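Examining the three-dimensional arrangement
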Amino acid sequence: MELANLFQPILDDDEQVVKVLRPLKSRAWFGNIIALILFSLVILPAGILMIIFHEPVNAGEEDMLGIGVMLLVFWLVISLAIIISVSLWCNKTVYAWTNKRVLIRTGYIGIDYKSLDLNMVGALSVNVNIADKLLHKNTGSIAFGSMASPMTNQNVSKFVFMYVADPYQVYKDIKVYIDQKKNNEK
C-alpha cells in the first residue's frame, strides 16, 4: 500500500499529499532500549539481591523474597509493555504534509490522526539530541508551533515529527512549502 493512501480517510476532496515520511525504527528502538537498560540496572539487581539474601521473618512482616519477586515481575511487565508499545508505534506512525495541512498518523491499538493547517504554522524547530548523534543516522525531530499548539521555551510541542531522517532537509522542504503557500495566499 502506498503510504499516501494511509491519509485518504481524512483528506479533503481537493487536498493532495505533497510528501510522506516515516520515523526511523532504529532510532525509536535505540532511545527506548537505552531507557529499558537504565531501568533494568536499577530494578533487576535490587530484585535479585532481595531474592538471594532474603531471611524468614515474623508473621505480619514483609518478606524480602516476595518483594524481590514482585520487583522482577514489575520489571518483566514494564519491559514487555515498552517492547510492544514501541513496535506498535513504529508500525503505525506516518507523517505527511499536504497542500493544506501537516498530518500525523499514529496509534497503538487504533489509528489516530492529528492535523495542523499550514496557514496556522507559526514556528518550526529542529531538535537533534545526543541519541540522534550516537546513532550517526542523521535523525532528529521537527516540532511545529501554532497558536493552537504552542511551543514552550524548550521547543516542546504536541505536534512533532519524531525520528525523521535528514531533519534539516525536511525542515527546509516544509518551510519553503509553507512560505510559498502563505505568499500565494496574499
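See above for the structure.
Below: a short report on this structure. (Residues numbered from 1 in each chain as written. Predicted model: local features only at pLDDT ≥ 70, side-chain atom pairs only at ≥ 80, totals over all residues. Heavy atoms only, no water.)

1. A short note on a nonpolar patch on the surface
For clarity, the threshold we go by: Here, patches come from residues exposed beyond 30% relative accessible area and free of salt bridges, joined within 9 Å for like charges and within 5 Å for nonpolar side chains (Val, Leu, Ile, Met, Phe, Trp, Tyr). Accessible areas in this description were obtained via Shrake-Rupley with a 1.4 Å probe; residue shielding takes into account the shown protein chains only. Salt bridge, as used here, is a side-chain nitrogen of Lys or Arg placed within 4 Å of a carboxyl oxygen of Asp or Glu. Runs of E in the DSSP output that reach at least two residues are strands. Runs of H or I that reach at least four are helices, and both are numbered from the N terminus.
A grouping of I33, I34, I37, L38, L41 and V42 is seen on the molecular surface, where their side chains present a nonpolar patch of about 540 Å² in accessible area. Mapped onto the elements of the fold, L38 is located in helix α1 (residues 25-52).

2. Side note on the sheet that holds strand β5 (residues 123-127)
Sheets are built from strands that pair by backbone hydrogen bonding, the pairs being arranged parallel or antiparallel. Heads up, the condition is: By the convention used here, strands pair only if DSSP detects at least 2 bridges between them. All axes here are fitted lines through C-alpha atoms, helices being fitted over the stretch that makes contact, and every angle between N-to-C directions spans 0 to 180 degrees. Note on contacts: a residue pair qualifies if any of its non-hydrogen atoms lie within 4.5 Å across the two residues.
Taken in spatial order, the three strands line up as β5-β6-β7 in an open sheet, and their pairing is antiparallel. What marks the edges here is a single partner per strand, and that holds for β5 and β7 (160-165). The mean angle between the axes of side-by-side strands here comes to 25 degrees, regardless of whether they run parallel or antiparallel. Relative to strand β6 (residues 139-145), β5 is paired through five bridges, and the arrangement is antiparallel. Residue pairing for β6: A123 is matched across the bridge by G145. Where helix α4 (residues 167-185) meets the sheet, it contacts β5, β6 and β7, and its direction lies at approximately 175 degrees from that of β5.

3. Side note on the packing of α1 against helix α2 (residues 64-92)
For any two helices packed against each other, the geometry comes down to the angle between their axes and how far apart the axes lie. Using the following cut-off: Oblique is the label for every angle not falling under 35 degrees (roughly parallel), over 145 degrees (roughly antiparallel), or within 65 to 115 degrees (roughly perpendicular). Residue classes follow a fixed rule: Ala, Val, Leu, Ile, Met, Phe, Trp, Tyr, Cys and Pro count as nonpolar, while Asp, Glu, Lys and Arg count as charged, and any other residue, Gly among them, counts as polar.
Packing of α1 against α2 brings their axes to within 8 Å, and their N-to-C directions diverge by 175 degrees. Between α1 and α2, the interaxial angle falls into the category roughly antiparallel. Here the contact of α1 with α2 is composed, by residue class, of 24 nonpolar, seven polar and one charged.

4. So, the nonpolar core
Formally: Working definition of a nonpolar core: buried Ala, Val, Leu, Ile, Met, Phe, Trp, Tyr and Cys residues. They are joined through side-chain atoms within 4.5 Å. Only protein chains enter the accessibility calculation, which uses a 1.4 Å probe. A residue is then buried if its area is under 20% of the maximum for its type, exposed if over 50%, and partly exposed in between.
One finds W97, F144, F161 and I174 to be the most contacted residues of the largest nonpolar core, which totals 23 residues. If you list the elements that add at least two residues to this core, you get α2, β2 (94-98), β3 (101-106), β6, β7 and α4. The element contributing the most residues to this core is α4, with four residues. With sequence-adjacent residues up to four places away left out, W97 is seen in contact with V17, V18, K19, L21, V102, F161, V170, D173, I174 and Y177.

5. A short note on the packing of aromatic side chains
Which entries qualify depends on this criterion: Each Phe, Tyr or Trp ring (for Trp, its six-membered ring) is paired with any other whose centre lies within 6.5 Å, and the angle between the two planes then decides the class: stacked below 30 degrees, edge-to-face above 60, tilted in between.
The full count for this structure, using the stated rule, is six aromatic pairs. Relative to F74, the ring of F39 lies with its centre 5.9 Å away and its plane at 65 degrees, an arrangement referred to as edge-to-face. One end of the pair, F39, is in helix α1; the other, F74, is in helix α2, and 35 residues separate them in sequence. Residue F39 is classed as partly exposed on the basis of its relative accessible area, which comes to 23%. For F74, a relative accessible area of 42% translates into the label partly exposed. For the ring pair W89 and Y163, a centre distance of 5.8 Å and an interplane angle of 80 degrees mean the geometry is edge-to-face. Placement of W89 in helix α2 and of Y163 in strand β7 is noted, with a sequence separation of 74 residues between them. By way of ring pairs, the aromatic residues Y95, F144, F159 and F161 are connected into one cluster.

6. Structural notes on the sheet that holds β3
One open sheet accounts for four strands, arranged β1-β2-β3-β4; its pairing is antiparallel. Among the strands making up the open sheet, the edge pair consists of β1 (17-21) and β4 (112-117). Neighbouring strand axes in the sheet, compared pairwise and without regard to direction, differ in orientation by 15 degrees on average. Two strands pair when backbone bridges link them, and β1 and β2 are joined in this way by four bridges, in the antiparallel orientation.

The values are spatial; any link to function lies outside them.
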